[in-house]
Amino acid sequence: MEILRHTLNTLAATIVDVTPIITILLVFQVFFLRQKLPNARRIVVGFLYVVGGLALFLVGLEEALFPLGRTMAAQLTAPEFTGTARAAGADWRDYLWVYAFAAGVGFATTIAEPALIAVSLKARDISGGTIHVLGLRLAVAFGVAVGVALGTFRIVTGTPLPFYIIAVYVIVILQTYCSSKSIIPLAYDSGGVATSTVTVPVVTALGLGLATAIPGRSPLIDGFGLIAFACVFPIMSVMAYAWLTAWLLRLKGRSDREKPR
Amino acid sequence: MTGFVRRFLRLLAAAFRDLLPIALVITFFQLVVLQQPFPNIERVLIGVVFVAVGLTLFVRGLEMGLFPLGEAMADAFARKGSLTGLLTFAFALGFGATVAEPALIAVAAEGARAATEAKVIADDPDALTSYALHLRLTVAVSVGVALVIGVLRILKGWPIHYLIIGGYIVVMALTTMAPPEIVGIAYDSGGVTTSTITVPLVAALGVGLATVIRGRNPAIDGFGLIAFASLTPIMFVLVFGMVVGGR
């Protein structure tokens, strides 16, 4: 019965969350556009599916994934597990399992991210099928995995965040000049899309747990920044993915030239 | 009806496939690395079923509701031909979707506590609440501005990389000037603004606009709105830190 109450509460909270968006949509639709929506009934049913689905999704996450993820993050970063002597300070090699966990969780939560599914579907539709839904999602998830792992490394070593971000921006700028025009907007978008409902809470918990457990780190100052890493690295990995697909297509085109692409 | 059921089952299977990596990662770390049994496994399994069914409904609802709505509205705005109306709508959508976003509320509260730690604001509840609220409003305004810039870009066909790279350079310059305790929060706030309902709507709006407007290619011009929404919050929050921190 507890789960039923939780579901109803979450459903109410989700409805409250979407109220501003729905209000804005309605106000503009009714007072400004004043046009009849095609398939209005279907759209309303779709909206109900989205809100109900999101509420169920959140309840499931809070029941199953988030508590487990938080406990595991706390256990993996605890000095008893890493074997760090408090007085001696942290050595970055004590935390190899933490980096592995960060990468695994970053990858896995991104694959389950509903917003990323949405953008991949759109990308497939407008690219005429040259962008694959799963391929794009794997590329983004790979970027998040690398980003979060590097972010935990930064918290362990305590090196300044701007140093990393600026280095990454320089790489993104260089990659942009080597990429085809049609992938650039999608790549830039993928960073913001990857960090949503599933990824943010787990990754934040990991960062705060790590910053609390390591001697000399403040959770309030050093705990931040993991999301930023998770946000920037997919840009690089999506541009790399586009480059790789183009290269594979060229190889294939060379081997069977008579077949239309 | 059977078509409906079959489609639902196919989406459900896809949802379980999407959750497989999480199950693998958690099982591996729990059993192999931490070497501990699963705490209350029934609850976890029930949770997984909820997540899968929720994801299935969500994806179905996207295709039925959010995508067509975004496209229909983009089409209606283009036909109406009012630039002010479209830009007002873009700002309102960005601001409204962000200001009540739970992830942002959490980050703003954390940010306020970091500010007391750094002795930027006094350590009393009123100062904390006011700091968090102003931080949230700053981010919400920045997302509104982002969608306005993004929509203008689609209309005018400006190449996105000049704008984004220019934005990066501004962010780098601001980073060197801003007080250090705001930097982490600023970078993180860029990631938390894009919620699960806003993203599909905004993506459909952008693609819809790029499809309707003559001379625009949806593949090149349709995306990019979300990119602005993850960049402007960083700038605005860094400036916020400089104004409030006042060093």
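Residues numbered from 1 in each chain as written. Chains lettered and ligands numbered in written order. Predicted model: local features only at pLDDT ≥ 70, side-chain atom pairs only at ≥ 80, totals over all residues. Heavy atoms only, no water.

### Looking at the overall build of chain A
Here is step 1: Looking only at helices and strands, chain A has eleven helices and zero strands in total.
Here is step 2: Listed N to C, the secondary structure of chain A is α-α-α-α-α-α-α-α-α-α-α in terms of helices and strands.
Here is step 3: Viewed in the frame of its principal axes, chain A has a C-alpha envelope of about 70 × 60 × 30 Å.
Here is step 4: Relative to its full complement of 261 residues, chain A shows a buried share of 55%.
Here is step 5: Intrachain contacts of chain A at a sequence separation of at least 6 include 79% that bridge at least 24 residues.
Here is step 6: Just so you have it, chain A exposes about 11,500 Å², and 68% of that area is on carbon and sulfur atoms. (Helix = DSSP H or I, 4+ residues; strand = E, 2+ residues; numbered from the N terminus. Buried < 20%, exposed > 50% of the residue type's maximum accessible area, 1.4 Å probe, protein only. Contact = heavy atoms within 4.5 Å. Areas by Shrake-Rupley, 256 points an atom, 1.4 Å probe, with all protein chains shown as cover.)

### A look at the interface of chain A and chain B
For an interface, size is often stated in terms of accessible area lost upon the parts coming together.
Here is step 1: If you look at the interface, chain A gives 90 residues, while chain B gives 100 residues.
Here is step 2: In total, chain A and chain B occlude about 8,600 Å² of area from one another, counting both sides; carbon and sulfur atoms represent 79% of this.
Here is step 3: Where chain A packs against chain B, one counts three salt bridges.
Here is step 4: For the salt bridge of A:Lys122 with B:Glu71, the shortest nitrogen-to-oxygen distance reads 2.6 Å.
Here is step 5: Counting the contacts that link chain A with chain B gives eleven residue pairs in polar contact (both at pLDDT 80 or more).
Here is step 6: By residue number, the principal contributor to the side of chain A that touches chain B is helix H2 (residues 40–77) of chain A, which donates 21 residues. (Buried area = accessible area lost by both parts, 1.4 Å probe. Salt bridge = Lys/Arg side-chain N within 4 Å of Asp/Glu carboxyl O. Polar contact = N/O pair within 3.5 Å; in protein donor to acceptor, adjacent residues only side chain to side chain.)

### So, the environment of B:Ala122
Here is step 1: Structurally, the position occupied by B:Ala122 is in the loop between helix H4 (102–117) and helix H5 (125–156).
Here is step 2: With near-sequence residues (within four places) excluded, B:Ala122 lies in contact with B:Thr116 and B:Ala127.

### Quick look at the pattern of salt bridges
Here is step 1: Counted by the stated rule, this structure contains six salt bridges over all chains.
Here is step 2: Taking the shortest distance from any N to any O, the salt bridge between A:Arg137 and B:Asp18 comes out at 2.9 Å. Taken together, the positions of A:Arg137 in helix H6 (residues 133–157) and B:Asp18 in helix H1 (residues 2–33) put the pair across two chains.
Here is step 3: Taking the relative accessible area as the measure of exposure, A:Arg137 reaches 2% and is therefore buried.

### Some details on the confidence of the model for chain A
Here is step 1: With 93% of its residues at a pLDDT of 70 or more, chain A has an overall mean of 84.
Here is step 2: Looking across chain A, the model is least confident in helix H10 (residues 219–222) of chain A, with a mean pLDDT of 70, and most confident in H6(A), with 92. (pLDDT = per-residue confidence, 0-100.)

### Concerning a positive patch on the surface
Here is step 1: The grouping of A:Arg42, B:Arg6, B:Arg7 and B:Arg10 at the surface amounts to a positive patch.
Here is step 2: In terms of residue count, the dominant contributor to the positive patch is H1(B) (three residues).
Here is step 3: Tracing the backbone through its elements, the reader meets A:Arg42 in helix H2.
Here is step 4: Taking the relative accessible area as the measure of exposure, A:Arg42 reaches 40% and is therefore partly exposed. (Patch = residues over 30% accessible without salt bridge, like charges linked within 9 Å, V, L, I, M, F, W, Y side chains within 5 Å. Lys, Arg positive; Asp, Glu negative; His and termini not counted. Charge placed at Lys NZ, Arg CZ, Asp CG, Glu CD.)

### With respect to a nonpolar patch on the surface
Here is step 1: Residues A:Phe81, A:Trp97, B:Phe28, B:Leu31 and B:Val32 make up a contiguous nonpolar surface patch of roughly 440 Å² in combined accessible area.
Here is step 2: By the secondary structure assignment, B:Leu31 is in helix H1.

### Describing the environment of B:Ala76
Here is step 1: Along the chain, the position of B:Ala76 falls in helix H2 (residues 41–80).
Here is step 2: Placed 37 residues apart in sequence, B:Ala76 and B:Arg113 show a C-alpha to C-alpha distance of 45 Å.

### What about the packing of H4(B) against H5(B)?
Residues and elements named next belong to chain B.
Here is step 1: Packing of H4 against H5 leaves a shortest axis separation of 8 Å and a crossing angle of 130 degrees. Relative to H5, H4 is oriented oblique. In this structure, H4 crosses over H5, and the sense of that crossing is right-handed. Packed against H4, whose contacting residues are Leu 104, Ile 105, Ala 108, Ala 109, Gly 111, Ala 112, Arg 113, Ala 115 and Thr 116, the element H5 presents Leu 128, Tyr 131, Ala 132, Leu 135, Arg 136 and Val 139 at the interface.
Here is step 2: Residue classes in the contact of H4 with H5 are distributed as eleven nonpolar, two polar and two charged. (Axes fitted to C-alpha atoms, helices over the stretch in contact; angles between N-to-C directions. Parallel < 35°, antiparallel > 145°, perpendicular 65-115°, else oblique. Left-handed = near helix turned anticlockwise from the far one by under 90°. Nonpolar A, V, L, I, M, F, W, Y, C, P; charged D, E, K, R; others polar.)

### Considering helix H3 (residues 83–99) of chain B
Here is step 1: For H3(B), which comprises 17 residues, the first-to-last C-alpha distance of 24 Å matches the rise-based estimate of 24 Å (1.5 Å per residue) to within 8%.
Here is step 2: With twelve of 17 residues buried, H3(B) is to be regarded as a mostly interior element.
Here is step 3: For H3(B), the full list of buried residues reads B:Gly85, B:Leu86, B:Leu87, B:Phe89, B:Ala90, B:Ala92, B:Leu93, B:Gly94, B:Gly96, B:Ala97, B:Thr98 and B:Val99.
Here is step 4: On the buried face of H3(B), the contacting elements are helix H1 (2–33) of chain A together with H2, H4, H5 and helix H8 (198–212) of chain B.
Here is step 5: Where H3(B) starts, the residue carrying a side-chain oxygen 3.0 Å from the main-chain nitrogen of B:Gly85 turns out to be B:Ser82. (Expected span 1.5 Å × (residues − 1).)

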